[in-house]
Every structure is written in structure tokens, then in C-alpha cells.
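Inside the fold
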Amino acid sequence: MGLRVCLVTPFAWSRPHDVNEHVAGLAAELRNLGHSVTVLAPSTRAADLLAGRRALLDGDGAEVIALGPAVPVSRRSRIGVPVGVRANLSLALARGGYDVVHGFEPGVPSLSYLALRDARAFAVATLLSPERLGYPPGKAQRERLLGRIDALLATSEETAEAAAERLPGDYRVVPVGVDPQLFHAGRKRRLVVYEWRPTERALARSVTRALRGLPGWELVLLRTKPLSGRPTIPRALRGRAHVRTLRDSAGRASLLNEASIFVPAFEGLDRVSLEAAAAGAAIVSPPGVHEQPELAAAEIARLAEDEAYRKRSGERARAVAEEQSFAALAHEIDEVYRGLATRRREGRPGLAIPDERGWIHADLHLHTNWSHDCQIPVDELLDHAEAIGLGAIAVTDHNVFGGALEAVDAARGRDLIVIPGEEVKTDGQGEVIGLFLSEEIPRGLSFGDTIAAIHDQGGIAYLPHPFDRLHAIPDPATLHRHLEEIDVLEVYNARLLFEGYNDEALRFARKYGLTMGAGSDAHVLQGVGTGGLRMRAFDGPEEFLESLRTAQVQRRPRSLLYLQSLKWAAQAKERVR
């Protein structure tokens, strides 16, 4: 079954750009695989903007929707996206009903960044150049963006390595993409194409020097970027050296299809080299050429003089390029999309809970004086919980299990369910709560080992405050890596300073269909019950999980400053004693 996919590019669709060619080729092949694909982009063409506005209003499922005028995009830019364009983006995402939102080059201030940040669907990011990684500048903004992205892709190992420094995660390297029908090994002639760059003078001198010694061979100095200056043609090559400006694939195809030799610029476009390889040109890239550009001249001379070697080199380049076709790219991306879709937990029939059990209020995250930062005696916690009408509580002290055992023992004969638990500090990846435990779990284990230790006891792995960036939390890569092992995600914690952190947890849980939990995280009596759930009464962990599937999150907010001041006062009083 096909997915509804939204591809977002930051660059004007009306102008040639290597990122847009990547997006266009991918979109076409994804449609061939049965997906419904819409491209969102800016444009400089009035007709595109008018058509885009109509598509937004009519919801006609246009293949390309221009959301607004293009603004300059640079790795040094801090220009914001206009308010009207942001509104169009929000409207497009809301009306599209997309399963996947795929943004390209989100490391620049653009539509891609905003789409990934605001999408409610699965979010995929592709990085294509290590030069476009400067945005957002703040670490908190980057962490927020990473929390929204479900898959990270890069078109080269170099780009993945550079991107991981600013946006850490598990990157998958995918092809750049090329059309092997447009670029093919045509009838070759004695033609050398050099991707010229004004700053690479040593390489340019090496290429022209080689051509001087090759009578009968032509040279084309190819410009692929605007405003890049004009190369100087040596007098000895006049008449057989020419300058061509070709910024898109369609324009470059006829030239590269008949080129026998291609010399890539050191800082050239990966796409152009791939196109030349697909056209069967021999690629001049000998080892050490970056340090010694003169090696390019020697390689050109060898290729020109040895036709068999030149032919073998061209065939090898063509074979490599075919593995990086747009079709190959689409199949890899399709695998990523479908992998994300399978991670969403669908509702499945569970245990039948007897109707006579009724409904109770539960607080799944509480502390006692067994925690180092709490002074609530166990008996007082149980008395207060019953007094305010709670039917179930989870005692989850920090790295100790004695408080939970004491609470379970003290609750005998009371009309109150006590879930024995522990909030375990992992080795640098935040905390994990184990519910329905039978013994203490040591702190300092890895995130995965902590969850495994909980499950070994038949317990439930409950992830508290997963996006509270004021405290240690699992990084996005760890969270996604262990997603299948997390039984319950806390979507409301009454002690969080910023409500946005709870909203992010709720968004994440809904995206993946995770079972949701809530608690007060109370460290003083006045905070008990300020966050929790209304759920069916349960008996044991299996019924507990089933009850959570129909539970309702309840928020009874209290002044966080008031509750925190009570906690500090209690701690200070204890120290005085």
C-alpha cells in the first residue's frame, strides 16, 4: 500500500539546483513505486506561486506546490522564513494528511527545517552537503529538531560525518541519484570536460597543460554555478577549448554523453561527477591529486593515449553509477519509510478486564524519603493518597527499592493499589522507571541493559519525562534504537518547568502509537496527584498495560514554584537535624 509522502526542499523550484534535481528524481521514482508524493518548495515564478495558492485552497493533490517566494539561502544566513510562507507550510502539512514528511538540507534556515520541526507525521531528513550545516545555531534548537526527526540520511560518508558533529545520530548513506536513461555512453569523441572552479587554479593549470600535449583533443571548461567568473583560455588552446555554463542535468546530458574524459573539481558537485560516470566517461581522480594537482595531467595523458584503458575506466564508472540511480535511491528511501511505518504500534486486542473493577485515579510516578531528594515518609504518602481519592500509586524512588517494598507492605488492608517500582539512573542516558519489580536494579547500567534488567523481572519499562532537556534524558538515537523495548512513555509529568516538554512527549507517543503514562513526580505531599490517569482498576502488569490503553491523562496543576519551595524547605529542615 502506498504512503502519502511530502518532500520539502529549501531551494527555489524555478531555478536549477542540485538538491532540487535529487528531490525531483526521487519523487518520480517514488511515484513509480506506488506512493503519492507532493513536493513543497519556494519559487521565483509568479505562475508557480499562483498555482501553489490554488492547490492549497483546493486541496487537489498537486505534485509540486510553491508555498511562497524564494529567499536567499546560505549557510551563513539568519534570514527567517516570511510569516505568510510559514502559514502556507502549516496549511499544506495539515491538509496533506501525510504519512511521511521528508526535508532536505534542514541545516539552513528554510522550509525544510520548519517542516521537520512542525510535522506530526514521521520525519525524515536528508543532508547532501557538509557546507550546509550551520542552522539552527543554538544547541537547544538542534536538540529539539533531533527529537522530531525519525530517520537521518546523508548522500556521502563525508556529509554524514560532518552532520553527526552538529546533529548526532545514526545516519544511513543513500545514493545521490542519477538518471541512467538521460546519461548514457553515447558515441564518444576526443573531448575532455573539466568542472571549472575559480579557486582551483593549480588544477586548472594541470588540465590545460595536459591538453597542450594532446593535439586533436578538445577541452570544455564546465561551469555549474552562477556568478562563478569566467576562466581564461590559454592562447595555445584557442579554437579547441570552450567555456560552457550548464546548471541542470538536462543541459549537461548531451555534453557528458559524448565526453571521453571528465575531470571533477575538488569542491565540485557530486551530482556532476555521477552524471559523467553514468555517461561512461573516464573519471580523472588519481590518489593524491588533491595534494598534487599535477597528477591530473598525467592521468589525462594516459587516458588519452591508451584507448583500451580509457574504455575500461569508462565502463567501471558506468557500472558504479548504475548502482546510484534514482530507482536505487527510491528503493532505499522506500525501505526507510516502510521501516518507520512498521514501528508504529497498532491497537491489538488484549486482556478483558471485568466490568465490576470500575475506574480509579492513578499516579504512576511518586517518591518517598528513601529517595535522596524527598522527605515524605511512606505511611504519610499512603494516607495522603487515600485522602485525595487515588486508587493506585507507583512508588519509584531514585536508585533504591526499599521504599517500594515498605509501601507494598504498609498498603496491606488498604483500599489502595501500590505498584513497586524504581527510577533507575542509566549510564549517561537519563532515567528509566521499572514498574512491578521484585528486586532493586543497580544504577549506572546502559539504557538497553537497564530495560533488559526490568524485563528480566517481568517488570514494565516506563520512560519518565523523555524530553525534559533540563535534566539528563536519552538522546534521540538511543530513544529510537530502543523504542520497541519501551512499554510506557510518560506524556505528562507535573514537575516539568516547561509544558512544551510534555507536549513533545505526547506528540512522540501519538506518532508511534505508544502506550501513555502520567504521574506527578511528587517530592512533597502537596504535589501528589497533580498528574496522573483515570484508568480501569487492574490486577497485575498485564491488566495494567491493558488498562492504560483506554486511560485518560489528568492534569491537576499546582504552582511549580510553590511545590519546589516546599521541597527545598523540607530538605533544608532535614539537613539542620
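Our subject is the structure that appears above.
Let me sum up the structure you'll find in this document. This is a predicted model, so every value here is computed, not measured.

A surface patch of negative charge is lined by E157, E158, E161, E165 and D270. Per-element accounting of the negative patch gives the leading share, four residues, to helix α6 (residues 157–166). Summarising the element assignment, E158 is placed in helix α6.

Taken as a whole and assessed by the stated rule, the structure comprises eight aromatic pairs. Their ring planes at 75° and their centres at 6.5 Å tell us that F436 and F538 sit as a pair that is edge-to-face. With a gap of 102 residues between them, F436 in the loop between β16 (431–435) and α15 (447–456) and F538 in the loop between β20 (531–536) and α18 (541–548) connect regions that are remote in the sequence. One exposure class covers both F436 and F538, and it is buried. Seen from their ring centres, F538 and F544 are 5.1 Å apart, and the 70° between their planes marks the pair as edge-to-face. Exposure class is identical for F538 and F544. Each is buried. Members of the aromatic cluster, connected to one another through ring pairs, are F122, F467, F508 and Y512.

Looking now at the packing of helix α13 (residues 378–387) against helix α14 (residues 402–410). Where α13 contacts α14, the axes come no closer than 9 Å and their chain directions differ by 55°. Classified by the interaxial angle, the pair formed by α13 and α14 is oblique. In terms of crossing hand, the pair formed by α13 and α14 is right-handed. Side by side, α13 and α14 meet where V378, D379 and L382 of the first sit next to G403, E406, A407 and A410 of the second. The residue inventory of the contact of α13 with α14, partitioned by class, reads four nonpolar, one polar and two charged.

Rules used in this analysis
- Residues numbered from 1 in each chain as written.
- Predicted model: local features only at pLDDT ≥ 70, side-chain atom pairs only at ≥ 80, totals over all residues.
- Heavy atoms only, no water.
- Patch = residues over 30% accessible without salt bridge, like charges linked within 9 Å, V, L, I, M, F, W, Y side chains within 5 Å.
- Areas by Shrake-Rupley, 256 points an atom, 1.4 Å probe, with all protein chains shown as cover.
- Salt bridge = Lys/Arg side-chain N within 4 Å of Asp/Glu carboxyl O.
- Lys, Arg positive; Asp, Glu negative; His and termini not counted.
- Charge placed at Lys NZ, Arg CZ, Asp CG, Glu CD.
- Helix = DSSP H or I, 4+ residues; strand = E, 2+ residues; numbered from the N terminus.
- Phe/Tyr/Trp six-rings, centres within 6.5 Å; stacked < 30°, edge-to-face > 60°.
- Buried < 20%, exposed > 50% of the residue type's maximum accessible area, 1.4 Å probe, protein only.
- Axes fitted to C-alpha atoms, helices over the stretch in contact; angles between N-to-C directions.
- Parallel < 35°, antiparallel > 145°, perpendicular 65-115°, else oblique.
- Left-handed = near helix turned anticlockwise from the far one by under 90°.
- Contact = heavy atoms within 4.5 Å.
- Nonpolar A, V, L, I, M, F, W, Y, C, P; charged D, E, K, R; others polar.

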